[in-house]
Number of protein chains: 4
Amino acid sequence: MSHTVHEKQKLINRVRRLRGQAEGLERMLEEEKGCGEVMHAIAGMRGAISGLMGEVIEDHILMHLADANLTQAERDEGAAELIDVLRTYLK
Amino acid sequence: MSHTVHEKQKLINRVRRLRGQAEGLERMLEEEKGCGEVMHAIAGMRGAISGLMGEVIEDHILMHLADANLTQAERDEGAAELIDVLRTYLK
Amino acid sequence: MSHTVHEKQKLINRVRRLRGQAEGLERMLEEEKGCGEVMHAIAGMRGAISGLMGEVIEDHILMHLADANLTQAERDEGAAELIDVLRTYLK
Amino acid sequence: MSHTVHEKQKLINRVRRLRGQAEGLERMLEEEKGCGEVMHAIAGMRGAISGLMGEVIEDHILMHLADANLTQAERDEGAAELIDVLRTYLK
């Protein structure tokens, strides 16, 4: 992903927060926290993943499909990649 | 959607099946079928909607983003529409 | 589903709205409405299905799992049905 | 969560794999891997989260709703917790 430095850092920060959520969840399980708390933590992680995916897909659309400087071959590849991932992800 | 006639008919057939599923579900509720059966019917409808959405998004990517004959303005609009709907849909 | 009459009618009303949404979507496709509009209509239907499923699952939990008058066999069956549907639905 | 030791360890192992996936994704972003690869990695994480949630919910249903030794107050609390988390999660 040839993101701008700023965009790249934003995505990395999101992934670090996700890793932190996974670490927190592991501690909750070790400490045998209540099911309700554990389920809410997992729901929070899924929300974070959905947000991350939304951001990456948005970047992909702008950089690999809509950008005026793409060749048609690049654009076709960008389309194929997006269709491929959405087939898995939208199920 | 300026679909080919063939593609348009495929989408309409999918939507008719969905309507049929809704009618079947209404009958199941009227006849007080068991919860398990009702829940599976609803899960089936959600699967049908996801399949329909996947197909429409795929058409959109090919016709309004990747097509070589689009103007840049049309392509920008295609990108904006897709990003907008995915923001709602990927939550 | 041995719902109260009131609850049953609420679910039927939801399903009728869903059928109306499917009919509206079919008209949109026949009239070749724009992709953006069509995608938002499908997203709206998915939201309606999720809301319906949430309501049916909630009823199921209260009536077939938590209710004080259930036999253990009924409760075990209620648990098995819910686990079964969530395995499909939470994917 | 008063899981059996075996069940607890299974959940912890799943969460560790998730943390590993987050670490791998962070490296992919640092190394500017292609969008397609990044999107598939994120889709894989979402699948792992859904699997984890499914397992925790299943445990919750069996231990806090269906178990024959629960008091009615415990069962009511188990129902309320599950309904609460599904309201967020099934959207």
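How each quantity is defined
- Residues numbered from 1 in each chain as written.
- Chains lettered and ligands numbered in written order.
- Predicted model: local features only at pLDDT ≥ 70, side-chain atom pairs only at ≥ 80, totals over all residues.
- Heavy atoms only, no water.
- Helix = DSSP H or I, 4+ residues; strand = E, 2+ residues; numbered from the N terminus.
- Rg over C-alpha atoms; globule rule 2.2 N^0.38 Å.
- Buried < 20%, exposed > 50% of the residue type's maximum accessible area, 1.4 Å probe, protein only.
- Areas by Shrake-Rupley, 256 points an atom, 1.4 Å probe, with all protein chains shown as cover.
- Lys, Arg positive; Asp, Glu negative; His and termini not counted.
- Charge placed at Lys NZ, Arg CZ, Asp CG, Glu CD.
- Phe/Tyr/Trp six-rings, centres within 6.5 Å; stacked < 30°, edge-to-face > 60°.
- Lys NZ or Arg CZ within 6 Å of the ring centre and 35° of its normal.
- Contact = heavy atoms within 4.5 Å.
- Salt bridge = Lys/Arg side-chain N within 4 Å of Asp/Glu carboxyl O.
- Polar contact = N/O pair within 3.5 Å; in protein donor to acceptor, adjacent residues only side chain to side chain.
- Buried area = accessible area lost by both parts, 1.4 Å probe.
- Nonpolar A, V, L, I, M, F, W, Y, C, P; charged D, E, K, R; others polar.

Draft legend 1. Seen up close, the overall build of chain A. A tally of helices and strands in chain A yields three helices and zero strands. Along chain A, helices and strands appear, N-terminal first, in the series α-α-α. For chain A, whose C-alpha radius of gyration is 17 Å, the value lies well above the compact-globule estimate of 12 Å for 91 residues. Classification of the 91 residues of chain A by burial places 48% in the buried group. Surface accessibility of chain A: about 4100 Å² in total, with carbon and sulfur atoms responsible for 49%. Distance between charge centres in chain A, computed from 12 positive and 16 negative side chains, equals 3 Å.

Draft legend 2. Region of the structure containing the packing of aromatic side chains. Tallied over the full model, the rule gives zero aromatic pairs over all chains. Over the ring of D:Y89 we find A:R46, and its NZ or CZ is 3.7 Å from the ring centre.

Draft legend 3. Highlighting the interface of chain D and chain A. Across the contact, 39 residues belong to chain D and 39 residues belong to chain A. Across the chain D-chain A interface, the total number found is eight salt bridges. The closest approach of N and O atoms between A:E32 and D:K8, which form a salt bridge, is 3.0 Å. At the surface where chain D touches chain A, the tally comes to 13 residue pairs in polar contact (both at pLDDT 80 or more). Looking at the side of chain D that touches chain A, the elements with two or more residues in it are α1 (5-30), α2 (35-66) and α3 (72-89) of chain D.

Draft legend 4. Main features of the interface of chain D and chain C. Each partner contributes to the interface: chain D provides 21 residues, whereas chain C provides 21 residues. Buried surface at the junction of chain D and chain C, both sides included, amounts to about 1600 Å², of which 72% is carbon and sulfur. Inspection of the region where chain D meets chain C yields two salt bridges. As a salt-bridge pair, D:R87 and C:E58 come within 2.6 Å of each other at their nearest N and O atoms. Summed over the shared surface of chain D and chain C, the result is four residue pairs in polar contact (both at pLDDT 80 or more). Put simply, the parts of the chain that give the side of chain D that touches chain C at least two residues each are α2 and α3 of chain D. Considering each element in turn, the side of chain D that touches chain C owes the most residues, nine residues, to α3(D). Of the residues that constitute the side of chain D that touches chain C, the class distribution is twelve nonpolar, three polar and six charged.

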